[in-house]
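Structural overview
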Amino acid sequence: MARVVAFLVVIGTLLLGGALPASAVQASTAAAVAPASGTTWFGPDLDWGDDAPDGYAGRLGATPSMYGVDVDYPLTGSARKELLRATRAAAAQGAVLVVSLDPARSLRSLDSADARSANALFEEVHEQYDTQVLVRFAPQMNGTWVRWGQQPTQYVKAFRALATAVHGGSSGALMVWSPSYGAGYPFGESAGRLQDLSATDVAKLDTNGDGALTAADDPYEPYWPGDSAVDWVGLSMYSFGKGKATEAAGRDVPLTRNDVPDAGEVDARFDERWGYEQPQPGNFYDRFAAADDRPMLLDTGALYVHSLRGDAELSVKQGWWRQVLGAVQDRPLIRGVTFLETNRREPEAGGRVADWRDTAVPGIAGSLRTDLEQAGHFVFGPVTDRVTPQAGAAATDQQYDTGGDQMAWIVWCAVGLAIVFLLSGVFGRLLPSWRYPDDGKPGRDLRLDLFRGFIILAVVITHIEIGGPYSYITLHAVGAITGAEMFVFLSGMVLGMTYPFAIKKFGEWAAAVGAWKRARKQYLVTLGVILVVFALSFVPFLNTDAITTFTDRGTGTGGVGAEGRVYDLYPNAMQLLAYPPPWYAIRQFLLLEMGPWPFNIMGLFVVLSLFIPVFMWVIRRGFWWALLVVSWALYVFQAVNPDFRPLNSQFESVFPLLTWQVVFTHGLVLGYYRRQIIGALTGRLGKVLIGIGIGGYALFLVYVWAGNQFGFVPAPFPASMYDQLYNTAYQRVDLQWGRLVDIAFFAIVSYAILTVFWKPIATVIGWLWIPIGQASLYVFVWQVFFALAIASIPGLDWGNPWIGFATHSLLILLAWYMVRKKFLFAVIPR
């Protein structure tokens, strides 16, 4: 999937000072994604604090092909996070990312180490997302309004250092040199400006040799880093709405009204005729793009001040962008256009709030989309590989195995359990005092509580990703046989047993209201956990990335090609901090489309809990068979339509609702009719049939295993069956037939073993597993924070089995202690 990128190393390091002439030979750069011939990328230059790609694409009604983001350089920890967040959001739409690196330190202090650090991050995001990055270093460097402005010597040096690192790496990133449109240069009082510059800078900026920095000097050439350092050229060209060419770049000229741009203004700008006091020797496009056939990026937009009178907003903005679209069509080397999409105070507008956004108003957004479509040469996304939040959620299920190891665990665990099950009949007769004292009276079944305790601890240990004997067992033996599916099944079964007591005590309607209140509490706790984890992400010493992102191991649906890819599981969470927060971010939050990966199954419980009163109403009236028919129909529908997602919540990528409801629904029915089912299975015929089923399943697995091991065809099955069996029958997400058989197998065998050997098992481990099983949902909530705490401890060797053993033991005991003390029982559902 990832493109093979090859760079020709820049020939030598260019002299540190002095710009190379525009006629120098341009160095070859890495193979990179580029717009098709005759087409142009487009997209917004977003204010990422208040906006995000999902918001822009929703307002525009289409997906753009590029996004712009501004980050500080050198890349501090916060800048790295901001860039990664932008990269993941752009990758979700398959868009190119224009990264504007804004120097946060003096240009003189920037060095090659800073450049290498930035390039390492570009390589990382390219490897993970195959994203095409355009690096726009210190844009508008010829202006006075930026810290790095009008310092040609140090600017060129820093640009070349970054270009050398980028061109020497494997990211495929391209360097963009992007000054501001030159009308009004030097953008302020020139008297005395040269006094603060070095002799080298004076010589560079004074291009006409008259000893002063004036409008007669070249606004571009002194800042040119050289052909070998520049892959794309860019230009910032904005409409400040002042109407007169001589006033457009002047901050001292008050803006009194909103005016439609003059006809032909954009073309005049490209010809370097608009706004200049003196004629120019040539235009930017011809000198820096056409002269060397170099692609160009245009950053543009038209402001509008709502507090001023004048023309309508649509007339002003559409009048500008239509000129831009026409100018781009006439200049084929303009291969990218970013439209400024923000709302901020502007000095050019007299300090008023200026609205640069083209999509804030639906009618304006629709007009922009229509004009872009009708222009014909603008490219809509996606243009690169898409890495969506749904793919990230799906990646949290890492279980595809190509070597047969997981299948071997399934075979021999099943064989071992089958042998113990068959022997349990003998032990039951020889040691009747060990049996579970089942008097048939209503109440809790401690066997199920103990079993749930075992399952929930297996889930917790798996989610706390450290090595040790516990995790080896849960990842292999338990993970191969059952896991989350048994948790869901047992939850349904316990509810099927206990819900009738609530009906008997309070009545059917009151019991239903109680169930819905419980579902509401589960939902609110889920939202609370999502928000608490998000808030903790701002605590410097906590490694929340361990649970708010997920790193692919190469054993998920993306295969080995996705190994190392980091998925963001909190898409648009930062937009929740905006005021007011945008609806798309609120919707994603409320629909559980974001959250920590060890917690995603909680959404499944929330939804299933809403249907418990309806399901039980049907079961109590004897129509359990109709409920199961509908349940299986939904299961089959999901199998035939695997991409169908009724809610698109995060949990649905790993625990599809229409698939996993079949386990929960059967648990409800079995729990409600538990006594009758146990009576049937423990009768003479029932024992025979169960024995045949358990033994036959184990023998079938051994038979296909032996065929693979000893080289014979296990007729009537194909010779390749064993190699293919795990990935065609035991995948957890789809709950394939093997997983469903395992649920029944494991439930029956475990229940029989706990019945026969109850007293020794309860004596040894019941004190721990029973209370934890009775509060399994409570423990599941806390395991999120256990995982976060462990991931935030630096310096320990988590691969050391002794450290893993000690850590897991302490966390298990902590969970048990919290249950015993009923810590926050009133808040967290059990």
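Predicted model, so just to flag it, every value in this text is computed and none were measured.

Cut-offs applied
- Within each chain, residues carry numbers counting from 1 in the order of the written sequence.
- Given that this is a predicted model, residues contribute local features only at a pLDDT of at least 70 and side-chain atom pairs are listed and counted only at 80 or more, while totals for whole chains, interfaces and linings are drawn from all residues.
- Side-chain measures were taken over the full set of non-hydrogen atoms in the model, leaving aside hydrogen atoms and water.
- Throughout, exposure labels follow a simple rule: accessible area from a 1.4 Å probe, protein chains only, divided by the maximum for the residue type, with under 20% read as buried, over 50% as exposed, and the rest as partly exposed.
- Helix numbering and strand numbering both begin at the N terminus, where a helix is a DSSP run of H or I of at least 4 residues and a strand a DSSP run of E of at least 2.
- Crossover handedness is defined by viewing with both strands directed away from the observer: a clockwise path from the first strand over the helix to the second marks the crossover as right-handed.
- When checking whether two residues touch, look at their non-hydrogen atoms; a contact exists if any pair is within 4.5 Å.
- In short, DSSP must find at least two bridges between two strands for them to pair.
- Helices are assigned an expected span. That span is 1.5 Å times one less than the residue count.
- Each polar contact in these results corresponds to two N or O atoms within 3.5 Å; when the atoms are within protein, one needs to be able to donate a hydrogen and the other to accept it, and residues that are neighboring in sequence are counted only if both atoms are side-chain atoms.
- Here, a salt bridge means any side-chain nitrogen of Lys or Arg that lies within 4 Å of a carboxyl oxygen of Asp or Glu.
- Only buried residues count toward a nonpolar core. Its members are Ala, Val, Leu, Ile, Met, Phe, Trp, Tyr and Cys residues joined through side-chain atoms within 4.5 Å.
- Side-chain rings of Phe, Tyr and Trp, where Trp is taken by its six-membered ring, are said to pair if the distance between their centres is within 6.5 Å; with planes under 30 degrees apart they count as stacked, over 60 as edge-to-face, and otherwise as tilted.
- Axes here refer to lines fitted to C-alpha atoms; in helices the fit is confined to the stretch in contact. Angles between the N-to-C directions go from 0 to 180 degrees.
- We call two directions roughly parallel when the angle between them is under 35 degrees, roughly antiparallel when it is over 145, roughly perpendicular when it lies between 65 and 115, and oblique otherwise.
- The predictor's confidence in any single residue is recorded as pLDDT, a number from 0 to 100.
- Patch definition: residues above 30% relative accessible area lacking any salt bridge, with like charges linked at up to 9 Å and the nonpolar side chains Val, Leu, Ile, Met, Phe, Trp and Tyr linked at up to 5 Å.
- For every accessible area listed, the method is Shrake-Rupley and the probe measures 1.4 Å; residues are considered covered only by the protein chains on display.

Thoughts on the pairing of strand β2 (residues 66–73)
- Of all 8 residues in β2, 6 are buried; the element is thus mostly enclosed.
- Regarding the hand of the β-α-β motif, the stretch spanning β2, helix α2 (residues 77–92) and strand β3 (residues 96–103) is right-handed.

Thoughts on the environment of isoleucine 464
- Checked against the element boundaries, isoleucine 464 lands in the loop between α12 (446–463) and α13 (469–481).
- According to the relative accessible area criterion, isoleucine 464 is buried, its value standing at 1%.
- Put simply, isoleucine 464 and leucine 740 are 276 residues apart on the chain and 26 Å apart in space, counted from C-alpha to C-alpha.
- Residues within four places of isoleucine 464 in sequence aside, it is in contact with Phe786, Ala787, Ile790, His808 and Leu811.

Topic: the pairing of β3
- Counting buried positions over the 8 residues of β3 gives 8, a clear majority of the element.
- The side-chain alternation of β3 yields two buried faces, one formed by Val96, Val98, Ser100 and Asp102 and the other by Leu97, Val99, Leu101 and Pro103.
- As paired elements, β2 and β3 share 8 bridges and run parallel to each other. Within β3, the residue paired with tyrosine 73 across the bridge is proline 103.
- Crossover β3 to strand β4 (residues 133–137) through helix α3 (residues 112–129) is right-handed.

Brief notes about α3
- For α3, built from 18 residues, the straight-helix expectation of 26 Å at 1.5 Å per residue is met to within 8% by its first-to-last C-alpha distance of 25 Å.
- All of the buried residues along α3 are Asp114, Ala115, Ala118, Asn119, Leu121, Phe122, Val125, His126, Gln128 and Tyr129.
- For α3, the secondary structure elements touched by its buried residues are β2, α2, β3, β4, α4 (152–167) and β15 (566–568).
- Its side-chain oxygen 3.1 Å from the backbone nitrogen of alanine 113, aspartate 111 forms the N-cap of α3.

Looking at the pattern of salt bridges
- The full count for this structure, using the stated rule, is 26 salt bridges.
- A salt bridge links aspartate 114 to arginine 105, with the shortest nitrogen-to-oxygen separation between them at 2.9 Å.
- Note that arginine 674 is salt-bridged to aspartate 445, the shortest N-O span being 2.8 Å. Of the two residues, arginine 674 is situated in helix α22 (residues 674–681) and aspartate 445 in the loop between α11 (405–430) and α12; the sequence distance between them amounts to 229 residues.
- For arginine 674, a relative accessible area of 7% puts it in the buried group.
- The structure contains a network of salt bridges with shared partners spanning Asp267, Asp271, Arg273 and Arg331.

Some details on the nonpolar core
- Within the largest apolar cluster, 224 residues are counted, with the highest numbers of intra-cluster contacts made by Leu101, Phe137, Tyr155, Leu162, Trp177 and Leu701.
- Sort the elements by how many residues they give to this core and helix α27 (residues 776–791) lands first, with 12 residues.
- Formed by 12 residues, the second largest nonpolar core is a distinct cluster that contains Val33, Leu134, Leu174 and Trp232.

Concerning the packing of aromatic side chains
- If you walk through the whole model with that rule in mind, you get 54 aromatic pairs.
- A ring pair is formed by phenylalanine 655 and tryptophan 660, whose centres lie 4.9 Å apart and whose planes are at 90 degrees; its orientation type is edge-to-face.
- Judged by its relative accessible area of 4%, phenylalanine 655 falls in the buried class.
- Exposure remark for tryptophan 660: the relative accessible area of 0% places this residue in the buried category.
- Every member of this aromatic cluster is reached through a ring pair, and the members are Trp177, Tyr220, Trp224, Phe284 and Phe288.

Section: the packing of helix α15 (residues 508–536) against α27
- Where α15 meets α27, the axes come as close as 12 Å, and the angle between the chain directions of the two elements is 5 degrees. Between α15 and α27, the angle falls in the class roughly parallel. For the pair formed by α15 and α27, the contact residues are Arg518, Gln522, Val525, Val529, Val532, Val533 and Leu536 on the first element and Leu777, Val781, Val784, Phe785 and Leu788 on the second.

As for the environment of phenylalanine 664
- Among the structural elements, phenylalanine 664 can be located in helix α21 (residues 657–672).
- For phenylalanine 664, a relative accessible area of 2% corresponds to the buried category.
- Sequence separation between phenylalanine 664 and valine 488 is 176 residues; the distance between their C-alpha atoms is 5.8 Å.
- Apart from the residues lying within four places of it in its own chain, the contact partners of phenylalanine 664 are Val488, Ser491, Gly492, Leu495, Leu608 and Ile612.

Quick notes on the environment of glycine 514
- Among the secondary structure elements, glycine 514 is positioned in helix α15.
- Assessed through its relative accessible area of 34%, glycine 514 is described here as partly exposed.

Brief notes about unusual backbone geometry
- Across the junction of tyrosine 185 and proline 186, the peptide omega takes the value 10 degrees, indicating a cis bond.
- Relative to the helices and strands, proline 186 resides in the loop between β5 (174–177) and α5 (199–205).
- A cis amide bond links tyrosine 579 with the next residue in sequence, proline 580, at an omega value of -10 degrees.
- Positive phi, close to 45 degrees, is recorded for alanine 138, a residue that is not glycine.
- Examined against the element boundaries, alanine 138 turns out to sit in the loop between β4 and α4.
- By relative accessible area, which is 0% here, alanine 138 ends up buried.
- Backbone geometry at glutamate 272 places phi at a positive 60 degrees, although glycine is not the residue there.
- Topologically, glutamate 272 is positioned in the loop between α6 (265–270) and α7 (284–289).

Remarks on helix α25 (residues 737–756)
- For α25, spanning 20 residues, the distance from its first C-alpha to its last is 29 Å, which sits close to the expected 28 Å at 1.5 Å a residue.
- Burial analysis of α25 places 15 of its 20 residues in the buried class, which makes it a mostly covered element.

Quick look at the confidence of the model for the protein
- Chain-level statistics for the protein give a pLDDT mean of 87 and a share of 90% at 70 or above.
- Averaged over each element, pLDDT in the protein is lowest for α13 (73) and highest for β5 (98).
- Segment residues 1–30: pLDDT under 50, and 78 contacts once partners within four positions in sequence are set aside and those in other chains are kept.
- Throughout residues 246–250 the model reports pLDDT below 50, and contacts reaching past four residues in sequence, or to other chains, amount to 8 contacts.

So, a nonpolar patch on the surface
- On the surface, a cluster of nonpolar side chains totalling about 460 Å² of accessible area is made up of Ile419, Leu423, Val426, Phe427 and Leu430.
- For isoleucine 419, the position within the fold is in helix α11.

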